[in-house]
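# Chain and residue survey
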Amino acid sequence: MLPDENSLPLEVWRETDFSEEIPPAAMNALAAYYELARKGDRDGILLMISTHPALSGPTHVLFQLDGDHVQVLDHGGDTDLGMIRAIAKIIETELRFSEDGARRYTVSAGCLCDVTILPLLRNAGLCLAVVA
């Protein structure tokens, strides 16, 4: 018997690795991540994100950690709100207390997407995601 469509979770994800083909937008953000992670101050990181074409755009989402919650600071127009909620849950449940380092997920939240998450939680309380 198949499960009722209404009983399926709205957001599901699984961590994947970087050995498979990486979407161009994610690859560009990954290339800039090292420099971004080396910046020690939040203002410098926010400035770099806002001015670097690989770090902001229609498929990017910028989050900040606020106590026990993750808040959206900015997101591109091509990013679905259901996907944004799913990424926030990933950050809250899997990344909030982990070491910084790029992660990649396959996320289903209304559509199936490749999501690369670039945590900057330790030095800035921020997290950047690229949805493809």
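All figures in this text were calculated on a predicted structure; none of them were measured in a lab.

## Looking at the pairing of strand β2 (residues 60-66)
- For β2, a buried count of five out of seven residues is recorded, marking the element as mostly surrounded by other parts of the structure.
- Sheet analysis places β2 next to strand β6 (residues 126-131), joined by five bridges and oriented antiparallel. If you follow F63 over to β6, its bridge partner there is C127.

## Quick notes on the confidence of the model for the protein
- Overall, the predicted model of the protein reaches an average pLDDT of 87, with 93% of residues at or above 70.
- Least confident of the elements in the protein is helix α4 (residues 121-124), whose mean pLDDT is 86; most confident is β6, at 95.
- Confidence drops under a pLDDT of 50 for residues 1-8, and excluding neighbours within four residues, the segment shows one contact in the predicted structure.

## A word on the packing of helix α1 (residues 24-38) against helix α2 (residues 42-51)
- The interhelical angle for the contact between α1 and α2, taken along N-to-C directions, is 155°, at an axis separation of 9 Å. Here α1 is positioned roughly antiparallel relative to α2, judged by the angle of their axes. Considering the relative orientation of α1 and α2, their crossing is right-handed. Contact residues: α1 offers A32, E35 and L36, while α2 offers I45, M48 and I49.

## Observations regarding helix α3 (residues 81-95)
- For α3, which comprises 15 residues, the first-to-last C-alpha distance of 20 Å matches the rise-based estimate of 21 Å (1.5 Å per residue) to within 8%.
- What α3 keeps buried is the set G82, M83, I84, A86, I87, A88, I90, I91 and L95.
- Its side-chain oxygen 2.8 Å from the backbone nitrogen of G82, D80 forms the N-cap of α3.

## Topic: the sheet that holds β6
- One open sheet holds the six strands; their spatial order is β1-β4-β5-β6-β2-β3, and the pairing between them is antiparallel. Edge positions in the open sheet fall to β1 (12-16) and β3 (69-75), since each of these has one partner strand only. The mean inter-strand angle of the sheet, taken between neighbouring strand axes irrespective of direction, is 30°.
- Examined bridge by bridge, strand β4 (residues 103-108) and strand β5 (residues 112-120) share six bridges and lie antiparallel to one another. Residue pairing across strands places R104 opposite T116, the latter belonging to β5.

## Concerning the pattern of salt bridges
- This structure, assessed with the given rule, holds three salt bridges.
- Taking the shortest distance from any N to any O, the salt bridge between R85 and E11 comes out at 3.8 Å. Of the two residues, R85 sits in helix α3 while E11 sits in the segment before β1, which places them 74 residues apart along the sequence.
- Its relative accessible area of 14% is what places E11 among the buried residues.
- The salt bridge involving E11 is made with K89; its shortest N-O contact spans 2.6 Å. Taken together, the residues E11 in the segment before β1 and K89 in helix α3 connect sequence positions 78 residues apart.
- Residues joined in a network through salt bridges with shared partners are E11, R85 and K89.

So, how was this worked out
- Residues numbered from 1 in each chain as written.
- Predicted model: local features only at pLDDT ≥ 70, side-chain atom pairs only at ≥ 80, totals over all residues.
- Heavy atoms only, no water.
- Buried < 20%, exposed > 50% of the residue type's maximum accessible area, 1.4 Å probe, protein only.
- Helix = DSSP H or I, 4+ residues; strand = E, 2+ residues; numbered from the N terminus.
- Pairing = 2+ DSSP bridges.
- pLDDT = per-residue confidence, 0-100.
- Contact = heavy atoms within 4.5 Å.
- Axes fitted to C-alpha atoms, helices over the stretch in contact; angles between N-to-C directions.
- Parallel < 35°, antiparallel > 145°, perpendicular 65-115°, else oblique.
- Left-handed = near helix turned anticlockwise from the far one by under 90°.
- Expected span 1.5 Å × (residues − 1).
- Polar contact = N/O pair within 3.5 Å; in protein donor to acceptor, adjacent residues only side chain to side chain.
- Salt bridge = Lys/Arg side-chain N within 4 Å of Asp/Glu carboxyl O.

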